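Listed below are the residues making up each chain.
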Amino acid sequence: MIAPNPSEKTFLVRIKRQDAESQPAYWQEFEVPVKPAQNIISVLQYIAANPTTTSGEDVEPVVWDSGCLEEVCGACTMVVDGQVRQSCSCLANEQLAKTGKDHIELEPMTKFPVVRDLFVDRQRMFDNLKKVKAWVPIDGTHDLGPGPKETPEQQEERYAYSRCMTCGCCLEACPQFTKDNTFVGAQAIAQALYFNQHETGKKLKGERLDELSGPGGVADCGNSQNCVKVCPKEIPLTQAIAKVGRQLTVHAVKNFFSAK
Amino acid sequence: MPETHPRVIVVGGGLAGLAACVRIAEAGTPVDLFSMVPVKRSHSVCAQGGINACNDVARQQGYSEWQHMDETLIGGDFLNHQPPVYEMAHFAPKIINLLDRMGVPFNRTSEGMRDLRLFGGSLFKRTHFAGASTGQQLLYALDEQTRRYEAQGKVNKYEFWEFLWPVTDEEGRCKGIIAQDMRTMEMKAFRADAVVMASGGNGLIYGKSTMSVICNGAAAARCYQAGADLGNPEMIQVHPTAIPGEDKCRLMSESARGEGGRVWVPRQQNDDRHPLDIPEEERNYFLEEKYPGYGNLVPRDIATREIFWVCQEGYGVGGENQVYLDITHLPQATKNKLAAILEIYEKFTGDDPREVPMKIFPAVHYTMGGLYTTYAPYDPETDTITPASAPKREPNQGMAFGDPKNMMTNVSGLYAFGESNYAYHGATRLGANALLSCIFDGLFNGLSVANHAQQSGAGAHGTPAAELPQSLYDKFLKQEQDKLAKITASTGSQDPYTIHRELGVEMTAAATVVKEEGRMLQAREKLAELRERYTDLKISDTGHYTNQNVSFARALGDMLVYADALLEASLARKESRGSHYRSDYPERMDEEFHNTSRVAFNAESGRPDITWEPIPSPLVPLRARTYGKTDVVEDKKTQEQEAAAS
Amino acid sequence: MPTDRTTSGPTATVRSLLDDNHFLLRRLHSLSGIVPVGLFVISHLFTNAQMAWGQDRVTGKGDFQHEVDFIHSMPFLYVVEWGLWGAIGFHAVLGLWYTFTGKHNVKRYSYADNVRYLLQRITGVIALVFIFLHIATLRWRWDLFGWFTPFYGKGYQNPIVPQAFHDVPMSLPLTAYALQISWLVVLLYVVGVTASVYHWCNGLWTAAISWGLTITTAGMKRWGYVCAGLFVALMTFSCAAIYGALSFDLGQDMTDDQLEVFELIVPESRVPLNISGRH
Ligand SMILES: Cc1cc2nc3c(=O)[nH]c(=O)nc-3n(C[C@H](O)[C@H](O)[C@H](O)COP(=O)(O)OP(=O)(O)OC[C@H]3O[C@@H](n4cnc5c(N)ncnc54)[C@H](O)[C@@H]3O)c2cc1C
Ligand code: SF4
Ligand code: SF4
Ligand code: FES
């Protein structure tokens, strides 16, 4: 193992670790040599290859989740110095400069069950997509011609929503989304809207709105607008919340007058 | 888990795996889907450029599906089989329509039609795209459809599960898999009447590539060790301009050069001055010097090789494998035009390319080779699909729809789809053809899988998986448990991450852009050494819960095996074809090598056995692949558009 | 795994009642805050602002008294009052419940909007306490530790006031006295009123999003200016009211009749009345 060379410049990384969901969390500190253009993932890779803490203890390598390393898959989301973000697009040097500290603090997301260390289980997000029927109900894969036409403006608006990578930043920062409530959060609301706006996707609009009018639905949003500020894909989440709010208002009035 | 018959397992939730799920579930066969990551995070999200298909506009300008096939064949330097490519090109427009119906936000014209862009390898606009994230959009659309089947109970997802080994019956038919939950480390045998491998590429063998960290090729390597052959494993595509990073190489679009970016290195080795302090005369604009005509716009493969060579000679910036791609001199307007790609560079390097020249280097980008597969060529005699009123195709024009042989490996019941399938791209893949081949595999050949599963239990197809004795599954389960136990208990001295790093460095140096016998023989030695060291692993995490250390160490063993096959096939193919460039054999040699390198794992020696399998050319005769040298002259625009081609 | 929550027992029925009517309750919550409570608060603050104009030295009449008389003369006053109580109670109970289902995180995400979100919850609680104290003392005439004083719009409302004084307007003097008892009361009023006004204006802003009236960021911003304008206007009214109450000189500004009644109702005034030189 290569211990950091004394002449090399180093910085400290404090990591909140947890052996399993049911286990208590604890902190460990590692010393990592400074390299140019080093993102948090390469820092973690260094620690995986050199799992020795600053107190000289050999420990088990830190566990984390990652995929694309290009900020498109959403896997590597974690809390860096108190703020949720993708760790692959977080450069250590910039982060240190930003906080003005000599160390970086890494924590797992707090709104999801921890699998181990920095690795969390975001299954709830995928389940929510199922809840809001986030799909276009096509007839099947047979050759049935092209889909509905749409204007470039409609495409642009839908494209904005379609970029959601289920990373969970919006939920982590949402004061209304907690581990033990049922709020679906901005991500699922925006996805429901995305499909409500598609010509064929609309066929399930009523069912989506029914779901979103129930417990955990859009009315649970407290309008703090954190979601839109932390979303790495700059998805207009508050606009989605408002639009779904409007659709729900109309839906409720319609239901009131036409329900059997 | 309900053990119904028939059942299908799909390993991999990228475009290929998800398309297969949708098609197979639609055919009424329940699917168990395995993926190391939640399928929505599969590597397919990374694709940016687009997806190719003939379309009405191009057709009216003289383009056709036939031509799309022809481009794919010549792009692949005729190492691809023609009937499957024919089928893929002709099926492509239907795929686009289907994706459109699924709600993919394809870019639109003002009339509301799907917009098209020009891409490398064609003079016609045939590439459909959704913003700058086509792969992501396509993957999500298929993910959504899969979720729909999941909600109906027809698809069962096993996410964060790693495929470990295919289960085969006495006669060697694939009847299930062994897989492990990467969180709880629970290992289990799963029964199936057919298994689809859609596990993607193997870039991680090269340490750093443009691929995701999960693209380690281990799944394919395990099938290879279990008896499924590899096809053309030596065919690896390298992208000329990537941003080397500590953790991976990220694609840098070629439009930077298209817009006037200049490639250079300091004349003096290890010059540690700031690039902008190095005066003009001390800079080596090696592309412009060697190719005064085209300068920085030389075709991709030449640029790739030149950059590679200059660094091999020790002139790389800071003595490392990197050269400058300089756009600092360009006018502000041009810089603005390049904003999107410049921001990517800035985000991941922290340097502003408007102020400081970018550092780039070629990087491994795509795995053309993969699991060897078969197909049933189209035969008008047996065709029951074409309506009586329509004319039938000629023989070999495409594949027999639904035939269980389509894209089945040499192991009965084991299929390979997507990037892990060697079938479509021959010696080079055209930009925007990969997404197509992945979805095509799933949608067209999904039916073949369902049919095979349906037939299992009848005649030559053996006993249905649900009725096979548990002992068969227990045997394979034990094999994997023992393997894992052995790794977990290793108390040697070799750190797996170090071995992996050395593997990557060696493979990148010996078997990427320029291959040469001497260097490859050296690499052969190195691989042997690494295999030896691998038996003496040091495992720092001996826990039994979410042990990534052990999972990685296990996959490393498979990567070493795959690397061996890749290197041996590279050595054996003594010619240059497509991406495979041998400096000692710079010509394409059809007599000897218009053959598939079919690589079988020799269980005794633990090494690859290579046989050469001839490739029939029933539709298009072989011809020289020259367009690479002419496309720049003929159509500079094509070059620029190729930029986005990734 | 989807989080399945199965509750049993009596809470289950309450829970399912809440769940089944989730959307309706949420919207009623929003509506109850804006319409009955909100409209009342606006008119109430507007009324109170009249205190700034003082009263007629001779008759004791003034705009404020006029408004109070009008309110007291309203038919079905009790119905209106209980309606308001119902609305406030409903809004408060649900609001508290909602407040405690969230988990604020201003420390980590100190965006202005997030602070606004937290303030909405804090001001809601403050407003609730304040409104309770305000009503309990001035309306229900509870004598809380002698710190607050019973409020009577006119003499007849207090049984100990003799017939002759039944028509004496007492609104302004008693309100003024209520505030002048202690600077703590003034502070309570300043904080309480500010919180209430903030809560209402911000609620109006977020309701527009929840109901889907403002959609775009620009739209939200514009509506934000309107709400901020309302906040300023209501705060101006409130300041006027408080200024009116504080600047009323109990010793000098009351009519003789008012003074008489005042001394009957408040036998031991905590505010020293400087009656020297009264004309
Ligand atoms: C940066 C970049 C840009 C690209 N741009 C384009 C483009 O513009 N156009 C184009 O046509 N192509 C492009 N490509 C190529 C294209 O993206 C890929 O070829 C394609 O996405 C591969 O899809 P796939 O379904 O075969 O595999 P992947 O998407 O790689 O999915 C593999 C799946 O297998 C699973 N898996 C792997 N191993 C195991 C295991 N052991 N156990 C269980 N599951 C396993 C993974 O979890 C994953 O779900 C690009 C590639 C890169 C790297
Ligand atoms: S606006 Fe709503 S969804 Fe977004 S962070 Fe605030 S409470 Fe959560
Ligand atoms: S909406 Fe944005 S923050 Fe939320 S999951 Fe999607 S990409 Fe992440
Ligand atoms: S690893 Fe995919 S977003 Fe960071």
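Asker: Which residues make up the sheet that holds strand 3 (residues 51–52) of chain B, and what are the values?
Answerer: Overall, antiparallel pairing links the three strands, which are arranged 3-5-4 (chain B) in an open sheet. The open sheet has two edge strands with one neighbour each: strand 3 and strand 4 (116–117) of chain B.

Asker: Requested: an account of the pattern of salt bridges, with residues and values cited.
Answerer: Between side chains of opposite charge, a pair can form when the charged atoms approach closely. The tally for this structure, following the rule as stated, stands at 72 salt bridges over all chains. One salt bridge connects A:Arg116 with A:Glu60, and the closest N-O pair in it is separated by 2.9 Å. Of this pair, A:Arg116 sits in strand 6 (residues 114–116) while A:Glu60 is found in the loop between helix 1 (40–49) and strand 3 (77–80), placing the two residues 56 residues apart along the sequence. Via salt bridges that share partners, B:Asp77, B:Glu234, B:Arg573, B:Glu575, B:Arg577, B:Arg588 and B:Asp590 belong to a single interconnected network.

Asker: How would you sum up the site of ligand 3? Please name residues and give values.
Answerer: In the neighbourhood of ligand 3, 13 residues make up the surrounding shell, with A:Cys164, A:Cys167, A:Gly168, A:Cys170 and A:Cys231 lying closest. Tallied by class, residues from the shell around ligand 3 come to 10 nonpolar, three polar and no charged.

Asker: Before we move on, can you summarise the packing of aromatic side chains with the specific residues and values?
Answerer: Residues and elements named next belong to chain B. On inspection of all chains with the given rule, the structure shows 30 aromatic pairs over all chains. Ring geometry for Phe 91 against Phe 444: centres 5.3 Å apart, planes inclined by 80°, an arrangement best described as edge-to-face. Highlighted residues: Phe 91 in helix 4 (residues 82–101) and Phe 444 in helix 12 (residues 434–455), separated in sequence by 353 residues. Phe 444 carries the same exposure label as Phe 91, and that label is buried. Relative to Phe 417, the ring of Tyr 415 lies with its centre 6.4 Å away and its plane at 75°, an arrangement referred to as edge-to-face. You can call Tyr 415 buried: its relative accessible area is 0%. Among the aromatic residues, those joined into a ring-pair cluster are Phe 91, Phe 401, Tyr 424, Phe 440 and Phe 444.

Asker: Which residues make up the sheet that holds strand 6 (residues 155–159) of chain B, and what values do they have?
Answerer: Residues and elements named next belong to chain B. Pairing in this open sheet of five strands is parallel, and the strands run 6-2-1-10-19 from one edge to the other. Each end of this open sheet is capped by a strand with a single partner; those strands are strand 6 and strand 19 (414–416). The mean angle between the axes of side-by-side strands here comes to 20°, regardless of whether they run parallel or antiparallel. The pairing of strand 1 (residues 8–11) with strand 2 (residues 31–35) spans four bridges and is classified as parallel. Note that in strand 2 the partner of Val 8 across the bridge is Val 31. Against the sheet, helix 5 (residues 134–151) contacts strand 2 and strand 6, and its axis sits at roughly 115° relative to strand 6.

Asker: Give a description of the pairing of strand 17 (residues 358–367) of chain B that names residues and reports values.
Answerer: All names here are of chain B. The buried fraction of strand 17 amounts to nine of the 10 residues, a majority that puts the element mostly inside the structure. Both strand 12 (residues 236–244) and strand 17 contribute to a ladder of five bridges, which runs antiparallel. Note that in strand 17 the partner of Ala 242 across the bridge is Phe 361. Sheet topology note: the strand 16 (residues 323–326)/strand 17 ladder contains three bridges and is antiparallel. The residue of strand 17 that forms the bridge with Val 323 is Ile 360.

Asker: How would you explain helix 7 (residues 205–213) of chain A if you had to name every residue and give the values?
Answerer: Within the sequence span of helix 7 of chain A, burial applies to A:Arg208, A:Leu209, A:Leu212 and A:Ser213. The buried residues of helix 7 of chain A occupy an angular sector of 130° when the element is viewed end-on, so they sit on one face. Looking at the buried residues of helix 7 of chain A, the elements they touch are helix 6 (185–196) and helix 9 (237–258) of chain A together with helix 2 (22–49) of chain C.

Asker: Which residues make up the environment of C:Tyr189, and what values do they have?
Answerer: Residue and element names in this part refer to chain C. Relative to the helices and strands, Tyr 189 resides in helix 7 (residues 183–210). Accessibility expressed as a relative area gives 8% for Tyr 189, which makes it buried. Here the alpha-carbon distance between Tyr 189 and Ile 131, two residues 58 residues apart in the chain, equals 9.7 Å. Among all residues touching Tyr 189, those that are not within four sequence positions of it are Phe 130, His 134, Leu 138, Leu 179, Thr 194 and Ile 242.

Asker: Describe the domain arrangement of chain A, and please don't skip the residues or the numbers.
Answerer: Residue and element names in this part refer to chain A. According to the domain assignment, chain A consists of domain 1 (10–119) and domain 2 (122–259). Computed over C-alpha atoms only, the centres of domain 1 and domain 2 are separated by 31 Å. Taken together, the contact between domain 1 and domain 2 spans 17 residues of the former and 15 residues of the latter. Of the roughly 1400 Å² buried between domain 1 and domain 2 on both sides combined, carbon and sulfur atoms contribute 56%. Per-residue buried area on domain 1 facing domain 2 is highest for Val 84, Lys 111 and Phe 112; these three make up 48% of the total on that side. At the surface where domain 1 touches domain 2, the tally comes to two salt bridges. With its nearest N and O atoms 3.6 Å apart, the salt bridge here joins Asp 65 to Arg 122. Here domain 1 is connected to domain 2 by 10 residue pairs in polar contact (both at pLDDT 80 or more).

Asker: Tell me what's going on with the environment of C:Asn48, and back it up with residues and numbers.
Answerer: On the secondary structure map, C:Asn48 appears in helix 2. Setting aside residues up to four positions removed in sequence, C:Asn48 forms contacts with C:Phe64 and C:Ala241.

Asker: Quick one: what's the story with the interface of chain A and chain B, residue by residue and with numbers?
Answerer: With 74 residues of chain A at the contact, the number on the chain B side is 68 residues. Here chain A and chain B share an interface that buries about 5800 Å² over both sides, 52% of which is from carbon and sulfur atoms. When the buried area of chain A at its contact with chain B is split by residue, A:Glu70, A:Ile138 and A:Thr141 rank highest and sum to 11% of it. Viewed at the interface, chain B and chain A are joined by eight salt bridges. Among the secondary structure elements, those contributing two or more residues to the side of chain A that touches chain B are helix 1, strand 6, helix 3 (123–131), helix 4 (152–162) and helix 6 of chain A. Its residues assigned to classes, the side of chain A that touches chain B shows 38 nonpolar, 19 polar and 17 charged.

Asker: With reference to specific residues and values, describe the site of ligand 2.
Answerer: Within the structure, ligand 2 sits among A:Cys174, A:Gln176, A:Phe183, A:Cys221, A:Gly222, A:Asn223, A:Ser224, A:Gln225, A:Asn226, A:Cys227 and A:Ile241. Looking at the shell around ligand 2 residue by residue, the classes come out as five nonpolar, six polar and no charged.

Asker: Before we move on, could you go through empty space enclosed by the protein and cite the residues and values that matter?
Answerer: Applying the stated criterion to the full structure yields eight cavities of 30 Å³ or more. Lining of the largest cavity is provided by 43 residues; of these, C:His29, C:His91, C:Gln120, C:His199 and C:Gly203 occupy positions nearest its centre. Contributing elements (two or more residues each) for the lining of the largest cavity: helix 9 of chain A together with helix 2, helix 4 (77–101), helix 5 (112–138) and helix 7 of chain C. For the lining of the largest cavity, the leading source of residues is helix 7 of chain C, giving 10 residues.

Asker: Explain a nonpolar patch on the surface residue by residue, including any values.
Answerer: All names here are of chain C. A cluster of nonpolar residues, Val 115, Leu 119, Ile 122, Ile 126, Trp 183, Leu 184, Leu 187 and Val 191, forms a patch on the protein surface that exposes about 670 Å² of accessible area. Within the residue set of the nonpolar patch, elements represented by two or more residues are helix 5 and helix 7. Residue placement: Val 115 occurs in helix 5. In this structure Val 115 comes out as partly exposed when scored by relative accessible area, which is 32%.

Asker: Run through the domain arrangement of chain B, naming residues and quoting values.
Answerer: Residue and element names in this part refer to chain B. Annotation of chain B at the domain level lists domain 1 (8–235 + 368–467), domain 2 (239–360) and domain 3 (471–588). Here the C-alpha centre of domain 3 lies 26 Å away from the C-alpha centre of domain 1. On the domain 3 side, the residues contacting the 47 residues of domain 1 number 39 residues. Taking both partners together, domain 1 and domain 3 bury about 3700 Å²; carbon and sulfur atoms supply 63% of that area. The largest per-residue losses of area from domain 1 upon contact with domain 3 belong to Ile 205, Tyr 206 and Glu 234, which jointly make up 20% of the total buried on that side. On the surface where domain 1 and domain 3 come into contact, there are four salt bridges. The residue Arg 573 makes a salt bridge to Glu 234 at a minimum N-O spacing of 2.5 Å. Between the two partners, domain 1 and domain 3, sit 17 residue pairs in polar contact (both at pLDDT 80 or more).

Rules used in this analysis
- Residues numbered from 1 in each chain as written.
- Chains lettered and ligands numbered in written order.
- Predicted model: local features only at pLDDT ≥ 70, side-chain atom pairs only at ≥ 80, totals over all residues.
- Heavy atoms only, no water.
- Pairing = 2+ DSSP bridges.
- Helix = DSSP H or I, 4+ residues; strand = E, 2+ residues; numbered from the N terminus.
- Salt bridge = Lys/Arg side-chain N within 4 Å of Asp/Glu carboxyl O.
- Near = heavy atom within 4 Å.
- Nonpolar A, V, L, I, M, F, W, Y, C, P; charged D, E, K, R; others polar.
- Phe/Tyr/Trp six-rings, centres within 6.5 Å; stacked < 30°, edge-to-face > 60°.
- Buried < 20%, exposed > 50% of the residue type's maximum accessible area, 1.4 Å probe, protein only.
- Axes fitted to C-alpha atoms, helices over the stretch in contact; angles between N-to-C directions.
- Contact = heavy atoms within 4.5 Å.
- Arc of directions from axis to C-beta.
- Domains from an automatic or database assignment.
- Buried area = accessible area lost by both parts, 1.4 Å probe.
- Polar contact = N/O pair within 3.5 Å; in protein donor to acceptor, adjacent residues only side chain to side chain.
- 1 Å grid on protein atoms, 1.4 Å probe; cavity = no way out; pocket = protein on both sides within 12 Å on 5 of 7 lines; lining within 4 Å.
- Points joined across faces, edges and corners; volume = space filled by probe spheres on them.
- Patch = residues over 30% accessible without salt bridge, like charges linked within 9 Å, V, L, I, M, F, W, Y side chains within 5 Å.
- Areas by Shrake-Rupley, 256 points an atom, 1.4 Å probe, with all protein chains shown as cover.

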